[in-house]
Amino acid sequence: MNAIIILAITGIIAMFLGVFKKKYLGLPVVLSASIITIIVILTGWSGDYSSIMHNMLLVDRFASVFSVTMIGVSIGIFFMCHYYYNQSIEHLTDLYALFVFSLTGGLMLVSFQNLVMLFVGTEILSIPLYILAASNRRNIASNEAGLKYYLMGSFATCFLLLGITFVYGATATFDMNEISILVNQNPAILPGLFNTGVLLILCALIFKISAVPFHFWAPDVYQGSPTVLTAYVSTVVKIAVFGAMIRFLHNFNLMTSDNMWFYLIAIVSVLTMIFGNILSIYQSNFKRLLAYSGIANAGFVLVAVASLNQATYEYILYYFAGYSVPTIILFTLYSTIKNQTGIDSLEGMKGLMQNNKLITLTMIVMLLSYIGIPPLAGFFGKYYILSNAVQAGNIWLMLIALVTSVLAAFNYLRIISYTVQQTNNAIPTIRIGKAYRSFLLAGIALVIIIGLAPDYFIDMMK
Amino acid sequence: MLTLFIILFPFVSAAIILLSPSEYTKKLAVASGLGTIGLTLVAMGNYQSTQADKIWELNLPWIKSLGISFHVGMDGISLVMLMLSSFVTLMAVLTSLNDKFAKLPLYYALLLIMQGAMNGVFVSLDLFIYYIFWELALIPAYFLILMWGDGETRMTTIKFFLYTLMGSLFMLLGIIWLGNMGPSAGYDINTIYDLVIGKDRQLYIFMMFMFAYAIKIPIFPFHTWQPDTYTKAPVAVTIMLSGIMLKMAIYSIIRWVIPVVPLAVEVYGKYFILAAVVGILYASMIALVQKDLKRLFAYASIAHVGLITAGILTVTKTGVQGGILQMLAHGVNVVGLFYITQILRRYKGTNEITAFGGIRITAPVFAGFYMVIMFGSIALHLTNGFPGEFMLLNALYQTYPWMSLVAASGVILGAVYMLVSYQKVMSGEIPDGDGGVPALNNIDKLVFIPVILMILAAGLFPQWIMNISDGSVDKIINLYQTEVNTFLNK
C-alpha cells in the first residue's frame, strides 16, 4: 500500500518538476522513487498480508514479487526514456509522470482483492498509455496509434465492466474472497450469468496482453507509438495483466481440471502462438516484427497460465524477467539506429557488424536469448514454462509451443543473419556515449546472470 | 578437475585469441589445438580400461531446486571421442592456415568455442548440462558458416539452424520429461539410469531423442539440410561438422538412449536401422551422380554415418565397438577428403569434377595422399576404415541379415563413386589450357601426413583403440541387457 502511495506522489512531483523547469531532475527523481518503492516492498516482504481498505487490496507475497519485477523493469524503461527523448522535448517530465502513474495502476492491478479494484487498476494502468501512445504529436502514426489504442482499449473496458456487473449479478458481491467461497461451495447454484461474466472479464484481460483474437490493435499501436511506450507495453503492462489474470483464475480455482476455462486459455494460447509467429514471418519492419513476436510471447506465457499451479507465477515472472531485458535493449537499439540512420527495416540491418561491433554483439545476444539458447535468460524462462506444462500433463500444448518457437527462431535468425553480412554500403558508425555503452553491457550481463542463476531468482520469490 | 580443463581450455584460448593482436592468432590457435591434445593424452594415461570407472569426475551443484549439477567425468568412450575431437580440431585449425579470411581472430575463436562445447557434450554426466553444451555447439557453427561460407549462405544457415533446433527442442521435451519422472526432479546420469520407465513412455522418449539425433547425424530422411550446409561451409567447418559434431549425436545414442530407454531400442530400434540402411543406399546412389566433389563427399558422409548408426542400434558389443572405431576413422578421413576439395578449389576456384584431370602427372605426391585417404574411406584392408566397417557389417548380419545385405551393397557403391571420382580428377589427360596443380606446400603436408599416419595406425592397430572403450561399452551393454531381460522374464 505504501508503495502505491509513494509512486503516486512521485508521479505528481514529476509533473511539478516540469512546471518549475527542472527537467534534468526527472530521471533522478523517478529512479530514486522506484528504488525506494522496491525497498519499501522488500521490508514489508514477510510482514502481515492483511488486506487494506476494506479488503480492496491484498498485498501478499504474490503481489509483492509482481510489483518488484514491474518496478525493476520500469527502471530499465526510465533509462531508455532518457536515451530515447534525449532531453530535447519540452514535456519530458510529464512523460515520466505518466509512466509512473501507469506503474501505480499496475501495482494496484496485481494486488486487487475486489473486482472494483480490478477495474480501477486496469484503467489507471491504461489511460496514461493512451496519452503516451499519442505523445509524438507531430507524427501522424503516433496519433493514429493513440486513437486506435484508446478506442480499442475503451472497448475492452466495456467488456470488463460488463463482466464485473454480471459476476456481481450472479454473486451479489465484488469481493474476491466471498465470490470464491460461493464458487467453491457449490458451483451448481451459480447462475449462468457468472460464467458469462468471467468470460467477459477474461476477454478484457486477453485484450490487454494482445492475445488472439484480440490482437489486432497491437502491431499498429506498437509501430506507431514512441518506442519507449512500445517497450513498456510489451513488458510492464503484460506482467501486470498476467498478474491480474493469474490472481483472478487462481482465486476462483477455475483452472483446476480440464474444464472449459482450461480449454479457453489453451486455445487462445495455441492460436496466439501460431498467429503471432506465422504473421511475423511476413514482416519486414524491425519494430513490427518485435510487435508480432510480443504477441507470440504472450501466447507462450498463456501455456503456463493454462497449466496453473501454486508455483506458476514464479515461472511466469522469471520468464518475464528474462524476456524484458532483451526487449528493452532491442527497442533501445532499434530507436538509436532509426534516429541516427533512418533505417527501420530488417534488410537495412545488413552489414551492421562492420562498423558497430558492440551494438551487433548486444543485438545478437538478445536475439539468442529470445530464441532460448542456453545458458541465456530466455532458455530457463522457456524451460520453466515448459516443465510446468509437463507437470500439469499438457504435453500437446507443450509440443505446439515447441514447434512455434522454431518458427519464432526463424524470425530472430533473419535479423541475426542480416547483421553479420558483408556489404559495401554498410550502416555507418553509430555514435553512442559511454553511458549508453554501459547500458548495453549491463543488459548483456543481466541476460547472462539471470540465465546462470535461475535458482536464485526463483528462491527470492518464495 | 582435468575434465573441467578439457572443457574450458578451448574457451579460454578463444578468449585469449580475441583479445590478442591478430598477428598471433594463428600461432595461438595451433597452440590451443596442441594443448587439448596434450590434456587428452594426460587423461588417457590415467585411465585403466579394465575398471571402466569414470575418471576425473567433478560434481558441483548448480541449480538445486531442479536437481541440476555440473557433473562431468570421462570414461573410455568419452576419451576416444575427446581424442577424435582434439585431433580433428587441430586439423581444422591447420587446414585454414592457408585461407585469407577476414576477421581471422573471430574465426578461430568460434572454431575453438565450438570445440569446447562439443568436448562438454562428450564429458557431461548430467543430462541438463549435456543439453546446454549440445545447444551451445550450434551457435558458433551457425556463425562460422554464415560469415565465412561460400556464396549465399543466409538461407542455408537458417535451414541448418532451424532443422537442428527443431530436433533439439524435441530432445529438450524428452529431457524435461525424464527429469520430472522420478520422485524429485533430477538430471544426474545415475538418477536417469536408475529410472524405471514404462514401455509406452520409453517409446515416446526414444522418439524425442532420436528425432534430434536423426537430424544431427543425419539419418535418411532427415538429411536434407546436410549437403547444402557441408558444401557451403568453409572447409574447416565442414571438417568440424562431419568430424565431430555428428559424432556428438552418435555418442549420445550410446550414452543417453541405449541405457535409458532399452526396451524402446529393443523394439523400435530396427526402424531406425532400416532408415539408416536405406539412407546408405540412397546417399550412395546420389553420390554416384554428383558433379561437385565436395557435395559427393557430403553424401558419402551420410552413407558412412548411416552404417555407424545402424551398427550401434543393434546394441551388440561388436556393433558398438565397431561404431566407435568407425567414428574415429570417419573423423580422420573427412579431414583428408574435405581438405582435398579445398586444395582443388584453391587452384581452380571450383570443385566441379569435370574441371580436373591428370593431376597425378603434375602432383604425384598429392595424388598419392588422395589415394591413401580414399582407401581409408572405402575401407580397404590395413586402413582405418576396414576394421570398423567389418565389425559393423558383422553385427548387422548377426541381428538383421537381410539389412546387412543392403548395407553391404551400399558399401560397394561407396567404392564405386570414390574410385570413379578419383579417376576423373587424378588420372587421364590434363585439360587444355591448364598448367596442372602445383606441388603441395608445407601446410598441406602438415595436414596430410598426420591424417595418413592415423589412417595407417588405426588400420594396423585397431585393438589399441578398442581396449580404451572396451570396459565402458561392456557396462552400457550390460545395463541394456539386464533391463531387457527383466522385462522379457516378466
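Residues numbered from 1 in each chain as written. Chains lettered and ligands numbered in written order. Predicted model: local features only at pLDDT ≥ 70, side-chain atom pairs only at ≥ 80, totals over all residues.

Considering the overall build of chain A
Here comes step 1: Looking only at helices and strands, chain A has 19 helices and two strands in total.
Here comes step 2: In terms of C-alpha radius of gyration, chain A reaches 21 Å, essentially the compact-globule figure of 23 Å for 462 residues.
Here comes step 3: Across its three principal axes, chain A shows a C-alpha extent of roughly 70 × 55 × 40 Å.
Here comes step 4: Per-residue burial for chain A yields a buried fraction of 56% across its 462 residues.
Here comes step 5: Taking all contacts inside chain A whose residues are at least 6 apart in sequence as the whole, residues at least 24 apart take part in 80%. (Helix = DSSP H or I, 4+ residues; strand = E, 2+ residues; numbered from the N terminus. Rg over C-alpha atoms; globule rule 2.2 N^0.38 Å. Buried ≥ 20, exposed ≤ 12 C-beta atoms within 10 Å, placed from the backbone. Contact = placed C-beta atoms within 7 Å.)

A short note on the domain arrangement of chain A
All names here are of chain A.
Here comes step 1: As assigned here, chain A comprises domain 1 (1-252) and domain 2 (255-462).
Here comes step 2: A straight line from the C-alpha centre of domain 1 to that of domain 2 covers 22 Å.
Here comes step 3: Between domain 1 and domain 2, the contact holds 34 residues from the first and 36 residues from the second.
Here comes step 4: Residue assignment for the side of domain 1 that touches domain 2 shows that the elements contributing at least two residues are helix 3 (61-85), helix 8 (192-208), helix 9 (217-224) and helix 10 (227-251).
Here comes step 5: Ranked by residues supplied to the side of domain 1 that touches domain 2, first place goes to helix 10 with twelve residues.
Here comes step 6: Grouping the constituent residues of the side of domain 1 that touches domain 2 by class yields 23 nonpolar, ten polar and one charged. (Domains from an automatic or database assignment. Nonpolar A, V, L, I, M, F, W, Y, C, P; charged D, E, K, R; others polar.)

Observations concerning the interface of chain A and chain B
Here comes step 1: Contacts between chain A and chain B engage 20 residues on the former and 24 residues on the latter.
Here comes step 2: Among the elements that line the side of chain A that touches chain B, the one with the most residues is helix 17 (residues 395-419) of chain A, at eight residues.

A word on the nonpolar core
Here comes step 1: Core analysis: the biggest nonpolar cluster contains 362 residues, and I77(A), V301(A), L111(B), A137(B) and M240(B) have the highest contact counts within it.
Here comes step 2: If you count residues domain by domain, this core takes at least three from each of domain 1 (1-252) and domain 2 (255-462) of chain A.
Here comes step 3: Setting aside anything within four residues of it in sequence, one finds L111(B) in contact with A92(B), V93(B), L144(B), A236(B) and M240(B). (Core = buried A, V, L, I, M, F, W, Y, C linked by C-beta atoms within 7 Å.)

Section: the confidence of the model for chain B
Here comes step 1: In the predicted model, chain B carries a mean pLDDT of 88, and 98% of its residues have values of at least 70.
Here comes step 2: Here the complex is predicted with pTM 0.92, and the ipTM for its interfaces comes to 0.90. (pLDDT = per-residue confidence, 0-100.)

Points about the packing of helix 12 (residues 262-288) of chain B against helix 13 (residues 293-313) of chain B
All names here are of chain B.
Here comes step 1: Where helix 12 contacts helix 13, the axes come no closer than 8 Å and their chain directions differ by 160°. As the angle between them shows, helix 12 and helix 13 are arranged roughly antiparallel. The interaxial crossing formed by helix 12 with helix 13 has left-handed handedness. Between helix 12 and helix 13, the residues in contact are V265, G269, F272, I273, A276, V277, G279, I280, A283, S284, I286 and A287 and L296, Y299, A300, I302, A303, G306, L307, T309, A310 and L313, respectively.
Here comes step 2: Here the contact of helix 12 with helix 13 is composed, by residue class, of 17 nonpolar, five polar and no charged. (Axes fitted to C-alpha atoms, helices over the stretch in contact; angles between N-to-C directions. Parallel < 35°, antiparallel > 145°, perpendicular 65-115°, else oblique. Left-handed = near helix turned anticlockwise from the far one by under 90°.)

A look at the pairing of strand 1 (residues 55-63) of chain B
Residue and element names in this part refer to chain B.
Here comes step 1: In terms of strand pairing, strand 1 meets strand 2 (residues 68-74) through six bridges, oriented antiparallel. Across the sheet, the residue bridging to N59 is H71, located in strand 2.
Here comes step 2: From the end of strand 1 to the start of strand 2, which pair antiparallel, there are four residues, and G67 there has a positive phi angle of about 70°. (Pairing = 2+ DSSP bridges.)

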